[in-house]
Amino acid sequence: MKKHLLLSCVCIIFAANAQSNKTKMTETISPPLAASKPKQLEKHGDVRTDNYYWLNERENPEVIDYLTKENEYYNAMTVVQKQFQKELYEEMKGRIKEDDSSVPYFYNGYYYITRYEKGKGYPIYARKKGSLDAKEEILFDCNEMAEGHAYFKLGGLNISEDNKWAAFAVDTVSRRQYTIQIKNLVTNEILPFKIENTTGGSTWAGDNKTLFYTRKDEVTLRSDKVYKHKLGTDVKNDVLVYHEKDDTFSTFIYKEKSKKYLVIGCSSTLTNEFRILDAKKPDGEFIIFQPRTRGLEYSISNYGDNWYIVTNKDNATNFKLMVTPESKTGKESWKDLVPHRNDVLLEDIDIFKNYLVISERSNGLNKIRIRPWDGKGEYYLPFDSETYTAETSTNPDFDTNILRYSYQSLAVPSSVVDFNMKTKEKTVLKEQEILGGKFDKNNYIEERVWATATDGTKVPISMVYRKGIKKDGKNPLLLYAYGSYGASMDAYFSSIRLSLLDRGFIYAIAHIRGGEDLGREWYDNGKLLKKKNTFTDFIDCSKFLIDHKYTSPEHLYAEGGSAGGLLMGAVINMAPQLYHGVIAQVPFVDVVTTMLDDSIPLTTGEYDEWGNPNKKEYYDYMKSYSPYDNVIAQKYPNLLVTTGLHDSQVQYWEPAKWVAKLRVMKTDNNLLFLDTNMEAGHGGASGRFEALKEVAKEYSFLLDLEGIKK
C-alpha cells in the first residue's frame, strides 16, 4: 500500500511542478538509504568494514524492499522523462525491419533461416530442404515458447546428422542455467524429459542417438561435468563422461567441423586442454590431445590427415599456426605453418578444401587472409575504413570456394558478403536495412585518433559523429570501453546509436589495454598487477578528447558494463571531475570481496585475470583500485547504475552496495540512480524490442543531462 501511495504522491508533485529543475526535484524526493550493518572482513591482517554486506541476502525481504525503493526513487525522479523514453523507444524500434530474416546458410542438405515477424519480439528458427523454394519447416517459434515468461532465451540448437533430432536449451530465469530438451523433427514431438542445470550446449554423436552435454555446479555455476544421454533411456541413467575437478577450469563439448571427432575442451584464462574421440564411436574413451601445461593455449581443427593448431607455444605471444599428423597430437610433433609475428595477432582460422582462411589483427584492425593450400597467390581481403569490423561468418562446408564474411563500420550498416576465393568476386547478400527514410551513411564522419597514455603508450580511439560538428568543446560525447579478458572492442554499426548521433552526440570507443585490440601484449599489460593501465588509459583518452576540443568535462559522458562497469567505478574514483555523467551497466565493483568468495559463480576461474587475493600481493593491489573499497567523500558525476536480480555474472548486490555507499559518501547533489531489473540477469531484458526500453532509459538519462528534451 505504501508503495502505491508514494508513487501517487510523486506523480501529483510532478504534475504540479512539471518545469521544476533537478535541484528542486532532489529536494522534493529523498533517496532511499540502505541500513548500515557493519561487518568486519579480515584478510592478511587487514580489516575492512562493509556496512552493506547484508545486501547479498537475495531472499531477505529487507533486501528486496531496498531494491524496490531504489527503483521507485529512480522512476519518480525520471517521471518527466517517461514520455521521452517512449518516444525514443518508438524511434529506435522504427528503424528496425520487424519482418526480417537472416541470410540462409546451407548445411547437411538444408537451408537454415532465422526470421522475425512484424509485431513479435522473438525469433523463429526454420529450415528448407534442398532449395530455398522448398516448403518451410518451422523448428522453433520462440514467440510461442516465450508466452508466460518474463524472460526467455533459446540456445544450444543442435541437429543430428540424420536431420531427425534437434536438441535445444531454454533459460527462463536469465541465470544462464539452461534446460535441454529434444525434439523429433519428423513428428514435431518434444520428448517427455528435461535435462536441468546445463550450459545449454550439446552435440550429437555420429550415431544420431547419443547426445553429449555439459552440466554446471549448482552453487558456483562453473561448467564442470560432461554427460552423455542415449535416446530411449532415462535421464537419471545418463553417463558421466568427464569431470573437471580443477575449479579454475571450465569444460565443454562440441563436434569438430569435419564431423570426424567429438572434442571435450577444458579452459582457464591461460591454459587449454582437449580430449578427442571418433564421433561414430560415442562409447569409446576420449584421448588427451595435448596434456595441459600452464600457460600453453591452443585450439584444434581437423582436416584430412592433419590437425591444425592455433597456439602460443614457444612464446608465440600473438599466436601462430602449427600442423601435426592426425596420429601424433603431442606438442613435440607440432610444426610451424604460419609463424609468430610480433606485430600481428592470429585470432582464428577457417579451413576449406582448397583454402586456408586466417583471421588476423594488425594495428588494431581486422584482417582476413586467404591462403591457397598449394601456396600460390596468397592475398588479403581489401578494407578501406579505419573504424570497421570484418569477420568470417557461418562457413560449415569444406568443399566450396565461397567464404562468407560480415562487414560493418561505425557509419556503415552491417552486411553479409559471399566472396569467391578463386575469382575474387564478392556478392553482398544483405545489408542491414535502416527504416524511417532518414538515414544516409554519407551524413556521418568516422575517425580514428591516438591518445598518449601516462606511460607514453599510444591508445586508439574510434569515433563517429554527424557532419558539421565543430570542435569547440561544446559537443556531448559518449565514451565507451570494456578493457578486460582480452576482449577487443571493434567498431560496429548501431541503428540505435543514431538517436544520439542525430541529436549532436559524438560516440567514441576507447581501445584501452586489457582488451586485445593491439595484440596479446595489449591484453597482458591490462590485467593482474598491471590492471590500473586499463583505468589510466581511459582517463588519458578522456583528457585527449577534452584537450582537442571534441568535448569538455561539462559534456563528457562515459559508459561501460560488467568488467567495463568496474572501469567506470575506478575512473570516477580517480578522476570524477572529467565526466558530467556515467552509465555503469551490471558493474563488477566489489572486486576484493567477490574474488575472496569462491562460492560465488565463476570466481575461481577469474584468478588468472584479476589475481588470487588469497595471496597478499594481489589482495593489496585489488584493494587499491576496487571501486567499492575506494569510494571517498568527494564529488561524483551524475550516475545511472543498472543491474539484474538474477545476474549470474555480476551479482546484483555489488552495484546495490556501491550505490548505497555512494549515497552517504558523495558530497554533491548530482543524480544517483540504481535501476534493478527484478526479472532479468546479466544480459538484461529478453526479446528483440524489450532491450530497447532499457537503452531508451539510458539515452534519456544522457539527453536530459544535456538539456535535450526531444
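Right above here is the structure, for reference.
Figured I'd write up the structure that's included with this text. Just so we're clear, the structure is a prediction, and the values are computed from it rather than from any experiment. (Residues numbered from 1 in each chain as written. Predicted model: local features only at pLDDT ≥ 70, side-chain atom pairs only at ≥ 80, totals over all residues. Heavy atoms only, no water.)

**Quick look at the overall build of the protein**
Right, on to step 1. Per the secondary structure count, the protein includes 14 helices and 38 strands.
Right, on to step 2. Radius of gyration (C-alpha) of the protein: 26 Å, near the 27 Å computed for a compact globule of 710 residues.
Right, on to step 3. In terms of its C-alpha atoms, the protein occupies a principal-axis envelope of roughly 75 × 55 × 55 Å.
Right, on to step 4. Intrachain contacts of the protein at a sequence separation of at least 6 include 56% that bridge at least 24 residues.
Right, on to step 5. When the accessible surface of the protein is totalled, it reaches about 29,900 Å², and 49% of it is carbon and sulfur. (Helix = DSSP H or I, 4+ residues; strand = E, 2+ residues; numbered from the N terminus. Rg over C-alpha atoms; globule rule 2.2 N^0.38 Å. Contact = heavy atoms within 4.5 Å. Areas by Shrake-Rupley, 256 points an atom, 1.4 Å probe, with all protein chains shown as cover.)

**Brief notes about helix H13 (residues 653-665)**
Since there are 3.6 residues in each turn of an α-helix, residues three or four apart along the chain are aligned in direction.
Right, on to step 1. For H13, built from 13 residues, the straight-helix expectation of 18 Å at 1.5 Å per residue is met to within 8% by its first-to-last C-alpha distance of 18 Å.
Right, on to step 2. Most of H13 sits out of view: 11 of its 13 residues are buried. (Expected span 1.5 Å × (residues − 1). Buried < 20%, exposed > 50% of the residue type's maximum accessible area, 1.4 Å probe, protein only.)

**Remarks on the environment of proline 123**
Right, on to step 1. Tracing the backbone through its elements, the reader meets proline 123 in the loop between strand E4 (110-115) and strand E5 (124-129).
Right, on to step 2. Spatially, the C-alpha atom of proline 123 lies 29 Å from that of tyrosine 227, the residues being 104 residues apart in sequence.
Right, on to step 3. Discounting residues that sit within four places of it in the chain, proline 123 has contacts with Thr114, Arg115, Tyr116, Phe140, Asp141, Cys142 and Asn143.

**Section: unusual backbone geometry**
Right, on to step 1. With phi around 65°, asparagine 208 is a residue other than glycine that occupies positive phi space.
Right, on to step 2. Structurally, asparagine 208 is set in the loop between strand E11 (195-204) and strand E12 (210-216).
Right, on to step 3. With relative accessibility at 16%, the residue asparagine 208 sits in the buried group.
Right, on to step 4. Despite not being glycine, asparagine 315 shows a phi value in the positive range, around 60°.

**Examining the environment of glutamate 87**
Right, on to step 1. Relative to the assigned elements, glutamate 87 resides in helix H4 (residues 82-94).
Right, on to step 2. In the structure, glutamate 87 is positioned 72 residues away from isoleucine 159 in sequence and 42 Å away in space, judged by C-alpha atoms.

**Things to note about the packing of H4 against helix H14 (residues 690-705)**
Packed helices, taken two at a time, are described by the angle between their axes plus the distance between the axes.
Right, on to step 1. Across the interface, H4 lies against H14 with an axial gap of 8 Å and an inter-helix angle of 125°. Overall, the two elements H4 and H14 adopt an arrangement that is oblique. The handedness of the crossing between H4 and H14 comes out as right-handed. Facing Phe84, Gln85, Leu88, Tyr89, Met92 and Lys93 of H4, the residues of H14 in contact are Leu692, Lys693, Val695, Ala696, Lys697, Tyr699, Ser700 and Leu703.
Right, on to step 2. Looking at side-chain class alone, the contact of H4 with H14 contains nine nonpolar, two polar and three charged residues. (Axes fitted to C-alpha atoms, helices over the stretch in contact; angles between N-to-C directions. Parallel < 35°, antiparallel > 145°, perpendicular 65-115°, else oblique. Left-handed = near helix turned anticlockwise from the far one by under 90°. Nonpolar A, V, L, I, M, F, W, Y, C, P; charged D, E, K, R; others polar.)

**Considering helix H8 (residues 532-547)**
Right, on to step 1. Over its 16 residues, H8 extends 22 Å from the first C-alpha to the last, a length consistent with the 22 Å expected when each residue adds 1.5 Å.
Right, on to step 2. Most of H8 is tucked away: 12 of the 16 residues are buried.
Right, on to step 3. Every buried residue of H8 is listed here: Asn533, Thr534, Phe535, Asp537, Phe538, Ile539, Asp540, Cys541, Ser542, Phe544, Leu545 and Ile546.
Right, on to step 4. The first or second residue beyond H8 is lysine 549, which carries a positive phi of 65°.

**A word on the packing of aromatic side chains**
Right, on to step 1. Tallied over the entire structure, the rule returns 35 aromatic pairs.
Right, on to step 2. With centroids separated by 4.6 Å and ring planes inclined at 50°, the aromatic side chains of phenylalanine 140 and phenylalanine 168 adopt a geometry described as tilted. Of the two residues, phenylalanine 140 is situated in strand E6 (residues 136-141) and phenylalanine 168 in strand E8 (residues 165-171); the sequence distance between them amounts to 28 residues.
Right, on to step 3. The class of phenylalanine 168 is buried, set by a relative accessible area of 1%. (Phe/Tyr/Trp six-rings, centres within 6.5 Å; stacked < 30°, edge-to-face > 60°.)

**Looking at the pairing of E12**
Right, on to step 1. Among the seven residues of E12, six are classified as buried, and the element is accordingly described as predominantly covered.
Right, on to step 2. Pairing between E11 and E12: four bridges, direction antiparallel. Residue pairing in the sheet places serine 202 in a bridge with tyrosine 213 of E12.
Right, on to step 3. Linkage of E11 to E12, two consecutive antiparallel strands, is achieved through a turn of five residues, within which asparagine 208 is found at a positive phi near 65°.
Right, on to step 4. Relative to strand E13 (residues 223-230), E12 is paired through seven bridges, and the arrangement is antiparallel. Note on E13: the bridge partner recorded for leucine 211 is histidine 229.
Right, on to step 5. Where E12 hands over to E13, the hairpin turn is made up of six residues, of which leucine 221 adopts a positive phi near 65°. (Pairing = 2+ DSSP bridges.)

**Notes on the sheet that holds strand E19 (residues 298-303)**
Right, on to step 1. Across the sheet, which stays open at both edges, the four strands sit in the order E19-E20-E21-E22 with antiparallel pairing between neighbours. This sheet does not close on itself; its edge strands, each paired only once, are E19 and strand E22 (335-338). On average, adjacent strands in this sheet sit at an angle of 35° to one another, irrespective of strand direction.

**Thoughts on the sheet that holds strand E27 (residues 388-392)**
Strand pairs in the sheet, formed through backbone hydrogen bonds, run parallel or antiparallel to each other.
Right, on to step 1. Pairing is antiparallel in the open sheet, where four strands are placed in the order E27-E28-E29-E30. Looking at which strands have only one partner, the edges of the open sheet turn out to be E27 and strand E30 (426-431). In this sheet, neighbouring strand axes are inclined to one another by 25° on average, regardless of whether the strands run parallel or antiparallel.
Right, on to step 2. Pairing geometry for strand E28 (residues 402-409) and strand E29 (residues 415-420), over six bridges, is antiparallel. Within E29, the position partnered with arginine 404 by the bridge is aspartate 418.

**Observations concerning the nonpolar core**
Right, on to step 1. Residues Leu55, Ile461, Leu479, Phe538, Tyr579 and Trp658 are the most contacted members of the largest nonpolar core, which totals 114 residues.
Right, on to step 2. Ranked by residues supplied to this core, first place goes to H14 with eight residues.
Right, on to step 3. Non-local contacts of tyrosine 579, meaning those with residues more than four positions away in its chain, are made with Phe538, Ile539, Ser542, Pro553, Leu556, Ala558, Val571 and Pro637.
Right, on to step 4. Judged by nonpolar contacts, the second largest core, of 17 residues, contains Leu365, Leu381, Tyr388 and Leu403. (Core = buried A, V, L, I, M, F, W, Y, C linked by side-chain atoms within 4.5 Å.)

**Quick look at the pattern of salt bridges**
Right, on to step 1. Tallying each qualifying case throughout the model produces 49 salt bridges.
Right, on to step 2. When the shortest N-O distance is used, the salt bridge between glutamate 447 and lysine 471 registers 3.8 Å. Of this pair, glutamate 447 sits in strand E31 (residues 444-452) while lysine 471 sits in the loop between strand E32 (458-466) and strand E33 (477-480), and the two are 24 residues apart along the sequence.
Right, on to step 3. We classify glutamate 447 as buried; its relative accessible area is 18%.
Right, on to step 4. Residues participating in the shared-partner salt-bridge network are Glu297, Glu516, Arg520, Asp524 and Lys527. (Salt bridge = Lys/Arg side-chain N within 4 Å of Asp/Glu carboxyl O.)

**Describing the environment of lysine 39**
Right, on to step 1. Position of lysine 39 among the secondary structure elements: in strand E1 (residues 39-43).
Right, on to step 2. Remark: the alpha-carbon pair of lysine 39 and tryptophan 54, spanning 15 residues in sequence, is separated by 8.4 Å.
Right, on to step 3. Not counting residues within four places of it along the chain, the set of residues in contact with lysine 39 comprises Arg48, Thr49, Asp50 and Tyr53.

Geometric descriptors of this kind do not, in isolation, establish any biological role.
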